[in-house]
Amino acid sequence: MDQHTYYVIKPTTHNRKKVSYGDALLLTESQARPLRNGGFISPDKAAAERIGELVREVQALKAGDTETADTDTDSNKEDAAQ
């Protein structure tokens, strides 16, 4: 059985274990096929790493937007009170 390395591009579970962005999995072609077709893994390491970076950037931006939205809401309440 010929095994290849695949990299996680969407968090999922594999063998009852959580796998996250960029994790390497050593799988046979038959084991990898459903995960590849589902868009969970890729044989391209660089692409998997980049996807992980982009997801972290988006999460950081969303966290920043939430803080900004809270600040805007607070300032609007103060303006309305005056």
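Just so it is clear, the structure is predicted and the values come from calculations on it, not from any experiment.

(A) Just the overall build of the protein chain, in detail. The helix and strand inventory of the protein chain stands at two helices and five strands. Each helix and strand of the protein chain, ordered N terminal to C terminal, gives the series β-β-β-β-α-β-α. The 82 residues of the protein chain split such that 18% are buried. In the protein chain, once contacts between residues fewer than 6 apart in sequence are set aside, the share between residues at least 24 apart is 49%.

(B) Molecular detail of the pattern of salt bridges. Scanning all chains against the criterion turns up two salt bridges. A salt bridge links Arg50 to Glu53; its shortest N-O distance comes to 3.2 Å. Of the two residues, Arg50 and Glu53 both sit in helix H2 (residues 45–81), three residues apart, roughly one turn of that helix. Ionic pairing is found between Glu57 and Arg50, a salt bridge with its closest N-O pair at 3.9 Å. Since its relative accessible area comes to 41%, Arg50 is described here as partly exposed. Among the ionic contacts, a cluster of salt bridges with common partners joins Arg50, Glu53 and Glu57.

(C) Representation of the packing of aromatic side chains within the structure. Using the criterion set out here, one finds zero aromatic pairs in the structure. Sitting over the ring of Phe40, Lys10 keeps its end group 5.0 Å from the ring centre.

(D) Structural context of unusual backbone geometry. The backbone phi angle of Asn15 is positive, close to 55°, even though this residue is not glycine. Tracing the chain through its elements places Asn15 in the loop between strand E2 (12–14) and strand E3 (17–19).

(E) Region of interest: the side chain of His14. In this structure, His14 sits in strand E2. Here the side chain of His14 touches Asn15 through a polar contact of 3.4 Å, side chain to side chain. His14 has contacts with Val19, Leu25, Leu27 and Leu35, leaving out every residue within four places of it along the chain.

(F) View of the nonpolar core. Core analysis: the largest hydrophobic core is formed by eight residues, namely Tyr6, Val8, Val19, Leu25, Leu27, Ala32, Leu35 and Ile41. Within the residue set of this core, elements represented by two or more residues are strand E1 (3–8), strand E4 (24–28) and helix H1 (29–37). In this view, Ala32 contacts Tyr6, Leu27 and Ile41; residues no more than four positions away in its chain are not counted.

Rules and cut-offs
- Residues numbered from 1 in each chain as written.
- Predicted model: local features only at pLDDT ≥ 70, side-chain atom pairs only at ≥ 80, totals over all residues.
- Heavy atoms only, no water.
- Helix = DSSP H or I, 4+ residues; strand = E, 2+ residues; numbered from the N terminus.
- Buried < 20%, exposed > 50% of the residue type's maximum accessible area, 1.4 Å probe, protein only.
- Contact = heavy atoms within 4.5 Å.
- Salt bridge = Lys/Arg side-chain N within 4 Å of Asp/Glu carboxyl O.
- Phe/Tyr/Trp six-rings, centres within 6.5 Å; stacked < 30°, edge-to-face > 60°.
- Lys NZ or Arg CZ within 6 Å of the ring centre and 35° of its normal.
- Polar contact = N/O pair within 3.5 Å; in protein donor to acceptor, adjacent residues only side chain to side chain.
- Core = buried A, V, L, I, M, F, W, Y, C linked by side-chain atoms within 4.5 Å.

Geometric descriptors of this kind do not, in isolation, establish any biological role.
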